[in-house]
Amino acid sequence: MSKIQTYCRLGINNLFWVADYRIKLKKNHFVSTMPISVAKVDSNAVFFSLNKKNSAAKSNITQPTLKAFGWLNIHTNALPNWVRSLTNDKVVNNNACHWSILDDFSLEVGDVKSVWELSRFDWLLNFSLGHLSNNNSLFIDKINLWLNSWCEVNPVNQGVNWKCGQEASIRVLHLALACYLLKQHKSISPALGQLIFNHLQRIAPTIRYAMAQNNNHGTSEAAALFIGASLLINNSTWQSNESHKKTLNKWRNQGRFWLENRSKVLIDSDGCFSQNSVNYHRLMLDTLSLAEFFRNVFSEPLFSKPFYKKASLASLWLHAFVDPCTGDAPNMGHNDGANLLPLTLCDYRDFRPSVQFAYSLFQGCYPYPITGEYQQICTLLPVSVCQYQPQKKLHTINTGFQLLKNSDSRVYIRTPNVKFRPGCCDALSVDFWLGSLNILKGTGSYSYNCPPNFQEYFPSVKAHNTVAFDQCEQMPKLSRFLYNNWLKTHTNKIAQNVLTTSYINNAKHKHIRKITLLTNSIEIEDQLSGFHKEIDLHWHLASLNWQQQGMHWRADNITIEIESPNPLKAELVEGLESRYYLQNSKIPVLKVTMKTSGLLKTTIRWVS
């Protein structure tokens, strides 16, 4: 496939809006049309106040530990440095520039997300929960102190924290959530209203660039426009001039339009999201859930029927990936540490809070019992009376992934298509679970801007449970986030728990994978051809005490057997996984090398 074909698959309309945005950057268009201006609030502005009508402490509300990326504890006894990296303490030195002049990858702070993280305002939700749990007014004071500090360091359109429309959108969503939690969504302060309005002014001019990405930038920014504008429109205490009212109505309608459009375009027929990532799917679903929640709060008209259909499918899809006992899920696809609703004591990798909330909105029931810590989101953001209804029917997963499942095991298979751009070389990768134990593991993405060895490893074919031909990637890269020669897999479901899936890439490497899930075993048969030197199969294993006996590897009650009519070399080596963004750890990897075309069979057996 030529580069032209790849760019055409991105969409001519999308390419136009990306080009339009980049031309405007080069011509300093945004510098003149969105000038830097100090927010129109004084240094001691009151964004939130103590609500005496809601003064009783709620003993059933708990305040979680504030963490960045789900693992890094944040100390709140002093004001943060809003332009310093959380991971290496480096500071953005040119933060006085207009946001459009800055380059995300040339700030000399490493991964810019380590600077952005505190400006997502997770702490705002955390402080709100602290106030609700014990009625301590000091949390309200701290909220105002931190917001004043943020506005002072980050004048409108100045610096790194205004660079990304999605980051601005997440702030809007968290400001709206804090308004609701503190019961001030019907009487917001002038300072808070102005802060939200300033953010909407940042988001709206670049909305078409966000939509051109065909990812969660579009859903986040659409939700921010819809929720932020609805909040201001429905607030009698924040009055604007007629021009502002007209603008707010335009933003609200624009947000609604794009929410419905993105759900239609980016969510596939089985509920799979365009980015083929479990964590990004959660972010998208949480965003749709918030949009529906606030639509109901402000008595806005219903979204379209196709919107609810796709949101329902997306909630079913995520439920099918989540382990009901632990809340963990396959670490497949990109994972950048995003968690839009950090409102429970649950770990970052517990997806049940999001599933429970989405089901209450789009299914009218709870898929999990209402006694778990994951229930707190639904307690804080109630929508209707829901009952616990355990899901008995298996949701069909059959677009970007496949799912085979029996009573105590399940296997997920990555089957890319050419509908959306791939994020990594993971075609035919397998993620296998025995109960709550993840035997064959996904490895995550670690960071989007890190040392070259990590930058190359995590997206690569060798970091996934699939086959590398001639030590080559499945697809060549055109740029940091864009591959050429996209793969299209062909899948055939032979029986309930048997399927074959295959691809031939541009280098004529051919991989046919047959998976059979039985009561106490799983068989993975790889038919491999088209290579010149060798293939390498990698199985990223659970961190158990694996012992080798010939071509068998045993740990606890699990045995892995490798077979082939051809000569093989197999060994346990060290690999890496990143369960949390900017964190990695070593895991055992079973590496199998074969130099002749033919069949390679892996059988995993267990004793129930």
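These figures come from a predicted structure and were not determined experimentally.

What counts, and where the lines are drawn
- Residues numbered from 1 in each chain as written.
- Predicted model: local features only at pLDDT ≥ 70, side-chain atom pairs only at ≥ 80, totals over all residues.
- Heavy atoms only, no water.
- Disulfide = S-S within 2.5 Å.
- Buried < 20%, exposed > 50% of the residue type's maximum accessible area, 1.4 Å probe, protein only.
- Pairing = 2+ DSSP bridges.
- Helix = DSSP H or I, 4+ residues; strand = E, 2+ residues; numbered from the N terminus.
- Axes fitted to C-alpha atoms, helices over the stretch in contact; angles between N-to-C directions.
- Salt bridge = Lys/Arg side-chain N within 4 Å of Asp/Glu carboxyl O.
- Contact = heavy atoms within 4.5 Å.
- Polar contact = N/O pair within 3.5 Å; in protein donor to acceptor, adjacent residues only side chain to side chain.

J.: I would appreciate a short explanation of the state of the cysteines in the present structure.
T.: A disulfide bridge is the covalent bond that connects two cysteines by way of their sulfur atoms. Going through the model one piece at a time under the given rule, you end up with 0 disulfides. Among the cysteines around Cys-179, which has no disulfide bond, Cys-151 carries the closest sulfur, lying 13 Å off. Here Cys-179 falls in the buried class, since its relative accessible area comes to 0%.

J.: Sorry if this is basic, but what is going on with the sheet that holds strand β13 (residues 521–529) here?
T.: The strands making up a sheet associate through hydrogen bonds between their backbones, and the pairing can be parallel or antiparallel. In space, the 8 strands of this open sheet follow the order β10-β11-β12-β13-β20-β17-β16-β15, with antiparallel pairing throughout. The open sheet is flanked by β10 (490–495) and β15 (547–549), the only strands paired with a single partner. Pairwise comparison of adjacent strand axes, ignoring direction, gives a mean angle of 15° for this sheet. Bridge analysis of strand β12 (residues 510–517) against β13 gives 8 bridges, and the strand direction is antiparallel. Residue pairing for β13: His-511 is matched across the bridge by Leu-528.

J.: Looking at this model, I keep getting lost on the sheet that holds strand β4 (residues 409–414). Mind explaining?
T.: Sheet architecture is open: 4 strands sit in the order β3-β4-β5-β6, paired in antiparallel fashion. Two strands in the sheet have a free side with no partner beyond their single neighbour: β3 (401–405) and β6 (437–440). Averaged over all pairs of adjacent strands, the angle between their axes in this sheet comes to 20°, without regard to strand direction. The pairing of strand β5 (residues 430–434) with β6 spans 3 bridges and is antiparallel. Across the sheet, the residue bridging to Phe-432 is Leu-440, located in β6.

J.: Would you mind showing me how to read the pattern of salt bridges here?
T.: Opposite charge on two side chains lets them pair, provided their charged atoms get close. Here the structure, examined in full by the defined rule, presents 18 salt bridges. Linking Glu-577 and Lys-441 is a salt bridge whose minimum nitrogen-to-oxygen distance equals 3.2 Å. Here Glu-577, found in strand β18 (residues 569–580), pairs with Lys-441, found in the loop between β6 and α16 (452–457); they are 136 residues apart in sequence, far enough to count as distant. Of the two residues examined, Glu-577 and Lys-441, each falls in the buried class. Linked by salt bridges that have partners in common, Asp-328, Arg-349 and Arg-579 make up one network.

J.: Looking at this structure, how should I read the environment of Ser-608?
T.: Within the secondary structure, Ser-608 sits in the segment after β20 (598–606). With 200 residues separating them along the chain, Ser-608 and Asp-408 place their C-alpha atoms 8.4 Å apart. Excluding its chain neighbours within four sequence positions, the residues that come into contact with Ser-608 are Asp-408 and Asn-520. At 3.4 Å, the side chain of Ser-608 and the side chain of Asp-408 are in polar contact. A distance of 2.6 Å separates the side chain of Ser-608 from the side chain of Asn-520, its partner in a polar contact.

J.: For this particular structure, what's the right way to read unusual backbone geometry?
T.: Trans peptide bonds make up the majority, and among non-glycine residues the majority have a negative phi. Not every positive phi belongs to a glycine, and Asn-28 is a case in point at roughly 60°. Mapped onto the fold, Asn-28 is located in the loop between α2 (12–26) and α3 (29–33). Among the residues examined, Asn-28 registers a relative accessible area of 40% and is labelled partly exposed. Of note in this structure, Asp-556 is not a glycine but carries a positive phi near 55°.

J.: Any chance you could explain the pairing of β10 here in plain terms?
T.: As a general feature of sheets, a regular strand has side chains that alternate between the two faces. When β10 meets strand β11 (residues 498–504), the two strands line up antiparallel, connected through 5 bridges. Across the sheet, residue Asn-492 finds its bridge partner in β11, namely Thr-500. The antiparallel hairpin formed by β10 and β11 contains 2 residues in its connecting segment.

Treat this as a map of the structure, not an account of what it does.
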